[in-house]
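Examining the three-dimensional arrangement
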There are 2 protein chains.
Amino acid sequence: MTENRKSYHHGDLKPALITAGLELLEETGLENLSLRAIAARVGVSHTAPKNHFDGLRGLLTAIATEGFRRHAAEMRRGVEGEPPGKPRLHAACDGYLRFALANPELFRLMFSKTLCNHQDPDLMAASRASYEVLRGIAQGLDWDKADAPGAPWRTEWMLWSIVHGYALLLIEGQIARAGDGAAPFKASEILPDFGYRDGTTEPDPLRSSSA
Amino acid sequence: MTENRKSYHHGDLKPALITAGLELLEETGLENLSLRAIAARVGVSHTAPKNHFDGLRGLLTAIATEGFRRHAAEMRRGVEGEPPGKPRLHAACDGYLRFALANPELFRLMFSKTLCNHQDPDLMAASRASYEVLRGIAQGLDWDKADAPGAPWRTEWMLWSIVHGYALLLIEGQIARAGDGAAPFKASEILPDFGYRDGTTEPDPLRSSSA
DNA sequence: CCTTCATGTTTCCAATGTAAATTTTTCTGC
DNA sequence: GCAGAAAAATTTACATTGGAAACATGAAGG
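Keep in mind it's a predicted model, so treat the numbers as computed, not measured.

Least-squares fitting of chain A to chain B yields an RMSD of 0.0 Å, with the transformation described by 0.0 Å of translation along the axis and a rotation of 180 degrees. Taken together, the rotation angle and the small translation identify this as a two-fold axis. Mapped onto chain B, 100% of the interface residues of chain A are again interface residues, and the two copies thus contact each other with one and the same surface.

All right, on to the interface of chain A and chain B then. Counting from both sides, the interface comprises 41 residues of chain A and, opposite them, 41 residues of chain B. When chain A packs against chain B, the two sides together hide about 3,600 Å² of surface, and 58% of this comes from carbon and sulfur. In this assembly, chain A and chain B are joined by 14 residue pairs in polar contact (both at pLDDT 80 or more). Secondary structure elements with two or more residues in the side of chain A that touches chain B: α5 (104-110) and α7 (154-171) of chain A. For the side of chain A that touches chain B, the leading source of residues is α7 of chain A, giving twelve residues. The residue makeup of the side of chain A that touches chain B, split by class, is 19 nonpolar, twelve polar and ten charged.

A few words on the protein's contact with DNA strand D. DNA strand D sits among 23 residues. The nearest are Ser45 of chain A together with Leu35, Arg36, His46 and Lys50 of chain B. Backbone atoms, meaning sugar plus phosphate, form 50% of the atoms of DNA strand D positioned within 4 Å of the protein. Within the side chain of Arg36 of chain B, a nitrogen or oxygen atom sits 2.3 Å from a base nitrogen of DNA strand D. At the level of secondary structure, the elements contributing two or more residues to the surface near DNA strand D comprise α2 (35-42) and α3 (55-79) of chain B.

A few words on the nonpolar core. Formed by 130 residues in total, the largest nonpolar core has its most connected members in Ile63 and Leu159 of chain A together with Ile63 and Leu159 of chain B. Looking at which domains feed residues into this core, each of domain 1 (10-52) and domain 2 (57-196) of chain A gives three or more.

Across all of its chains, the model carries 14 aromatic pairs over all chains by this definition. Plain terms: the ring middles of Trp157 of chain A and Tyr166 of chain B are 6.4 Å apart, the flat faces sit at 40 degrees to each other, and that makes the pair tilted. Here the residue Trp157 of chain A occupies a position in helix α7, and Tyr166 of chain B occupies one in helix α7 (residues 154-171), the pair thus bridging two chains. Taken individually, Trp157 of chain A and Tyr166 of chain B each receive the classification buried, so the pair is uniform in this respect. Their ring planes at 45 degrees and their centres at 4.7 Å tell us that Tyr131 of chain B and Trp160 of chain B sit as a pair that is tilted. Note that Tyr131 of chain B is positioned in helix α6 (residues 121-138) and Trp160 of chain B in helix α7, a separation of 29 residues in sequence. Of the two residues, Tyr131 of chain B and Trp160 of chain B, both sit in the buried class. Members of the aromatic cluster, connected to one another through ring pairs, are Phe68, Tyr96, Phe107 and Phe111 of chain A.

Calculation rules
Residues numbered from 1 in each chain as written. Chains lettered and ligands numbered in written order. Predicted model: local features only at pLDDT ≥ 70, side-chain atom pairs only at ≥ 80, totals over all residues. Heavy atoms only, no water. Least-squares fit on C-alpha atoms with pLDDT ≥ 70 in both. Contact = heavy atoms within 4.5 Å. Buried area = accessible area lost by both parts, 1.4 Å probe. Polar contact = N/O pair within 3.5 Å; in protein donor to acceptor, adjacent residues only side chain to side chain. Helix = DSSP H or I, 4+ residues; strand = E, 2+ residues; numbered from the N terminus. Nonpolar A, V, L, I, M, F, W, Y, C, P; charged D, E, K, R; others polar. Near = heavy atom within 4 Å. Core = buried A, V, L, I, M, F, W, Y, C linked by side-chain atoms within 4.5 Å. Buried < 20%, exposed > 50% of the residue type's maximum accessible area, 1.4 Å probe, protein only. Domains from an automatic or database assignment. Phe/Tyr/Trp six-rings, centres within 6.5 Å; stacked < 30°, edge-to-face > 60°.

Taken by themselves, the reported measurements are silent on function.
The following block contains the structure:
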């Protein structure tokens, strides 16, 4: 039923809308993406999505959820086979950047508090899974000096901040490079040289310190 | 003429619109900010701005420009009086964060490629001036190991990325803390411990390496 | 005084998201 | 099988938005 439908009922509208949304997102840009356009691409009326999503925001939330899944996958893909320590760290961060630069509009949507609902259970699960990849890498990292202040997940936040910040500055065109797009951007361009501890496990912050 | 106008001509509409926009921005949020609402607050028709700005995007660009001026001012305000080295670095970054968290909607607007025109000369000047503050601080920084790869302005990018990333993750609610807003967020929470060189001057990248 | 032109207004239009009422299909209990 | 309920889509309507065009107003300078 994913074909050109002749029947009144689409049969698989929910995932079809998400797919169409993912496509249109990068084609038209986040701010120009409209519910009506997504519905039109699937071939249904513009009010049809109401039966499956809670308005435009609900649909965008579902799109962002799929985005986080791919985001995590892209990081994992890079990490696989890499030995622990620096290689694995850089591979994960490279995956983070690769995804962001390949799907800039989706990436911006994913981190927009206004456009998608970060209380949504599915989004939370996907988002957290993605974060866990980075967090797993940050585990053995020794960025801090001993007397450094802050929470125990300070290192995770540092790592996340720097990769995320770099990704966004690149996406928004604040940072540009000579080679227009020839050589891919690498995390090595911004990551400081780390030291490593031996597998100490930190308590799980889940992005929030409200213990 | 900033008062309740009785005359047909406002007399000072351009700055009045920017001021009203800055106010409404934080009140209603970036995505809900409308040209009509801004015009209404000033007390003119919704097409009046057309005479002073190139559409909504032009107005938003002017608002963002003022944002960058205040952003730079907030950083400079913190830096003043601080001795060079670590204190000055942290003061500048604290200013960066303080501004972002006090004006989250404005901050998001400033770095939106889509919503404002980053080719605009005024915006470019203000944006660059703001960047220069951070860059000046990064001057004597020694974050890199000797064998670190990348461009000469690598350290600037590292610093900018980490502060910018932290600011955005906080704004978008991705990172939260126990004390709901009691203690201000500090750059010391994410900045690694730096070493310092003695005032070596780096070539000016101006955010782009297209030499 | 009278023309010129910048500045605002009015009116109109296309696009958007949402809601309500309606139609079509599928499912379910008998 | 089949009637009725529920699900899935459609049509219609509406308020808001940004923008374009034509017009109104008043200030400035001959």
